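Here is what each chain is made of, one letter per residue.
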Amino acid sequence: MSQSGAVSALAIRHQLPHRLRLHCSTEISAAQLELIGNQLELIHPGAQVRATAHRRGVVISHHPHEVICPALAADLLQAALNAQQLHGPAVPPTPLELWLGETRQGSIKVLMALAVAGWVLPILPGTPFFLMAWWLGWRPETSEEAQLEPAALQPST
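Residues numbered from 1 in each chain as written. Predicted model: local features only at pLDDT ≥ 70, side-chain atom pairs only at ≥ 80, totals over all residues. Heavy atoms only, no water.

J.: Hey, could you run me through a nonpolar patch on the surface in this one?
T.: A surface patch of nonpolar side chains, amounting to about 440 Å² of accessible area, comprises V116, W119, V120 and L121. Tracing the backbone through its elements, the reader meets V116 in helix α3 (residues 95–120). (Patch = residues over 30% accessible without salt bridge, like charges linked within 9 Å, V, L, I, M, F, W, Y side chains within 5 Å. Areas by Shrake-Rupley, 256 points an atom, 1.4 Å probe, with all protein chains shown as cover. Salt bridge = Lys/Arg side-chain N within 4 Å of Asp/Glu carboxyl O. Helix = DSSP H or I, 4+ residues; strand = E, 2+ residues; numbered from the N terminus.)

Take a look at the structure:
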(Lines give C-alpha, C1' and ligand atoms only; values in the text may rest on other atoms or scores of the structure.)
Protein backbone atom coordinates (compact mmCIF):
# COMPACT_ATOMS: atom_id res chain seq x y z
CA MET A 1 0.00 0.00 0.00
CA SER A 2 1.30 3.43 -0.82
CA GLN A 3 0.71 6.83 0.78
CA SER A 4 -2.75 6.98 -0.78
CA GLY A 5 -3.60 3.50 0.50
CA ALA A 6 -3.70 1.84 -2.95
CA VAL A 7 -1.76 -1.33 -3.62
CA SER A 8 1.24 -0.63 -5.84
CA ALA A 9 1.73 -2.94 -8.82
CA LEU A 10 5.36 -3.70 -9.71
CA ALA A 11 6.55 -4.77 -13.13
CA ILE A 12 10.01 -5.62 -14.40
CA ARG A 13 10.62 -3.52 -17.51
CA HIS A 14 14.21 -4.54 -18.28
CA GLN A 15 16.55 -7.11 -16.84
CA LEU A 16 20.25 -7.86 -17.29
CA PRO A 17 22.41 -9.77 -14.79
CA HIS A 18 23.87 -6.50 -13.41
CA ARG A 19 20.99 -4.11 -14.15
CA LEU A 20 17.31 -4.20 -13.29
CA ARG A 21 14.56 -1.72 -14.15
CA LEU A 22 11.31 -1.87 -12.19
CA HIS A 23 8.14 0.13 -12.84
CA CYS A 24 5.64 1.03 -10.14
CA SER A 25 2.07 2.27 -10.52
CA THR A 26 2.53 4.96 -7.84
CA GLU A 27 5.10 7.72 -7.50
CA ILE A 28 8.19 6.96 -5.41
CA SER A 29 9.21 9.68 -2.94
CA ALA A 30 12.81 10.70 -2.25
CA ALA A 31 12.63 9.11 1.22
CA GLN A 32 11.41 5.83 -0.26
CA LEU A 33 14.16 5.92 -2.88
CA GLU A 34 16.75 6.49 -0.15
CA LEU A 35 15.30 3.60 1.88
CA ILE A 36 15.56 1.29 -1.15
CA GLY A 37 19.16 2.38 -1.76
CA ASN A 38 20.17 1.88 1.89
CA GLN A 39 18.61 -1.57 2.12
CA LEU A 40 20.10 -2.67 -1.19
CA GLU A 41 23.52 -1.35 -0.14
CA LEU A 42 23.44 -3.74 2.84
CA ILE A 43 22.78 -6.73 0.57
CA HIS A 44 24.78 -5.69 -2.52
CA PRO A 45 27.54 -3.20 -1.56
CA GLY A 46 28.20 -0.85 -4.46
CA ALA A 47 24.71 -1.12 -5.95
CA GLN A 48 23.28 2.10 -7.32
CA VAL A 49 19.60 3.04 -7.31
CA ARG A 50 18.06 5.91 -9.26
CA ALA A 51 14.54 6.99 -10.06
CA THR A 52 13.19 6.78 -13.61
CA ALA A 53 9.96 7.53 -15.46
CA HIS A 54 9.04 10.61 -13.43
CA ARG A 55 9.63 8.75 -10.13
CA ARG A 56 7.37 5.88 -11.14
CA GLY A 57 10.21 3.41 -11.45
CA VAL A 58 13.74 2.59 -10.38
CA VAL A 59 16.89 1.34 -12.06
CA ILE A 60 19.18 -0.78 -9.93
CA SER A 61 22.66 -1.30 -11.34
CA HIS A 62 25.74 -3.07 -10.05
CA HIS A 63 29.16 -4.23 -11.23
CA PRO A 64 28.98 -6.44 -14.35
CA HIS A 65 30.21 -9.51 -12.47
CA GLU A 66 27.49 -9.24 -9.77
CA VAL A 67 23.98 -10.61 -10.29
CA ILE A 68 20.98 -8.76 -8.85
CA CYS A 69 18.07 -10.94 -7.80
CA PRO A 70 14.84 -9.50 -9.30
CA ALA A 71 12.63 -11.00 -6.58
CA LEU A 72 14.77 -9.46 -3.84
CA ALA A 73 14.78 -6.06 -5.54
CA ALA A 74 11.02 -6.19 -6.06
CA ASP A 75 10.52 -7.13 -2.39
CA LEU A 76 12.70 -4.20 -1.26
CA LEU A 77 10.77 -1.81 -3.49
CA GLN A 78 7.43 -3.13 -2.24
CA ALA A 79 8.57 -2.86 1.39
CA ALA A 80 9.71 0.74 0.82
CA LEU A 81 6.38 1.62 -0.77
CA ASN A 82 4.50 0.06 2.15
CA ALA A 83 6.68 1.62 4.86
CA GLN A 84 5.24 4.28 7.13
CA GLN A 85 6.48 7.80 6.51
CA LEU A 86 8.59 8.64 9.55
CA HIS A 87 9.30 12.23 10.50
CA GLY A 88 12.17 12.69 12.88
CA PRO A 89 13.77 15.83 14.22
CA ALA A 90 15.35 18.24 11.78
CA VAL A 91 18.96 17.61 10.94
CA PRO A 92 21.20 20.06 12.80
CA PRO A 93 23.02 22.53 10.57
CA THR A 94 26.55 21.71 9.57
CA PRO A 95 29.42 23.99 10.62
CA LEU A 96 29.55 25.31 7.05
CA GLU A 97 25.84 26.17 7.12
CA LEU A 98 26.28 27.92 10.48
CA TRP A 99 29.23 29.91 9.13
CA LEU A 100 27.31 30.87 5.97
CA GLY A 101 24.36 32.07 8.08
CA GLU A 102 26.63 34.18 10.28
CA THR A 103 28.40 35.58 7.22
CA ARG A 104 25.08 36.45 5.61
CA GLN A 105 23.92 38.29 8.73
CA GLY A 106 27.20 40.19 8.92
CA SER A 107 26.95 41.13 5.25
CA ILE A 108 23.42 42.40 5.77
CA LYS A 109 24.55 44.65 8.62
CA VAL A 110 27.44 46.08 6.59
CA LEU A 111 25.27 46.65 3.52
CA MET A 112 22.56 48.38 5.57
CA ALA A 113 25.20 50.64 7.17
CA LEU A 114 26.52 51.55 3.71
CA ALA A 115 22.97 52.15 2.46
CA VAL A 116 22.25 54.56 5.33
CA ALA A 117 25.62 56.27 4.74
CA GLY A 118 24.78 56.50 1.05
CA TRP A 119 21.56 58.36 1.74
CA VAL A 120 23.40 60.77 4.03
CA LEU A 121 26.55 61.32 1.94
CA PRO A 122 25.94 62.67 -1.57
CA ILE A 123 28.91 60.80 -3.13
CA LEU A 124 28.03 57.27 -1.96
CA PRO A 125 24.85 55.78 -3.54
CA GLY A 126 22.71 53.99 -0.95
CA THR A 127 20.14 52.18 -3.08
CA PRO A 128 22.41 49.38 -4.41
CA PHE A 129 23.51 48.48 -0.88
CA PHE A 130 19.92 48.45 0.33
CA LEU A 131 18.87 46.20 -2.57
CA MET A 132 21.75 43.79 -1.93
CA ALA A 133 20.80 43.56 1.76
CA TRP A 134 17.18 42.91 0.74
CA TRP A 135 18.35 40.16 -1.62
CA LEU A 136 20.34 38.54 1.22
CA GLY A 137 17.21 38.31 3.34
CA TRP A 138 16.95 41.52 5.36
CA ARG A 139 13.37 42.56 6.06
CA PRO A 140 12.26 45.49 8.23
CA GLU A 141 10.57 44.60 11.51
CA THR A 142 6.98 45.74 11.79
CA SER A 143 5.47 46.85 15.06
CA GLU A 144 3.21 43.75 15.11
CA GLU A 145 6.24 41.43 14.99
CA ALA A 146 7.89 43.34 17.84
CA GLN A 147 4.74 43.00 19.94
CA LEU A 148 4.58 39.23 19.33
CA GLU A 149 8.05 38.64 20.80
CA PRO A 150 8.19 37.44 24.42
CA ALA A 151 8.78 40.18 26.95
CA ALA A 152 12.06 38.55 28.07
CA LEU A 153 13.55 39.06 24.60
CA GLN A 154 12.51 42.69 24.24
CA PRO A 155 15.08 45.26 25.37
CA SER A 156 14.37 46.81 28.74
CA THR A 157 13.88 50.57 28.93
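J.: What is the right way to read the packing of helix α1 (residues 30–43) against helix α2 (residues 70–82) from this model?
T.: Here α1 crosses α2 at 140°, and the two axes come no closer than 9 Å. The hand of the α1/α2 crossing is right-handed. Counted together, Q32, L35, I36, Q39, L40 and I43 of α1 and L72, L76, L77, A80 and L81 of α2 form the full contact between these two elements. (Axes fitted to C-alpha atoms, helices over the stretch in contact; angles between N-to-C directions. Left-handed = near helix turned anticlockwise from the far one by under 90°. Contact = heavy atoms within 4.5 Å.)

J.: It is not clear to me how the environment of M112 should be interpreted in this structure. Could you clarify?
T.: Looking at where M112 falls in the secondary structure, it is placed in helix α3. Remark: the alpha-carbon pair of M112 and T127, spanning 15 residues in sequence, is separated by 9.8 Å. The residues contacting M112, other than those within four sequence positions of it, are F130, A133 and W138.

J.: Please explain the sheet that holds strand β4 (residues 57–61) as it appears in this structure.
T.: With antiparallel pairing, four strands are arranged side by side in an open sheet as β1-β2-β4-β3. Two strands bound the open sheet, and with one partner strand each, they are β1 (10–16) and β3 (48–52). Each adjacent strand pair in this sheet contributes to an overall mean axis angle of 20°, direction not counted. Here strand β2 (residues 19–24) runs beside β4; their pairing, made up of five bridges, is antiparallel. The residue bridging L20 from the neighbouring strand is I60, located in β4. (Pairing = 2+ DSSP bridges.)

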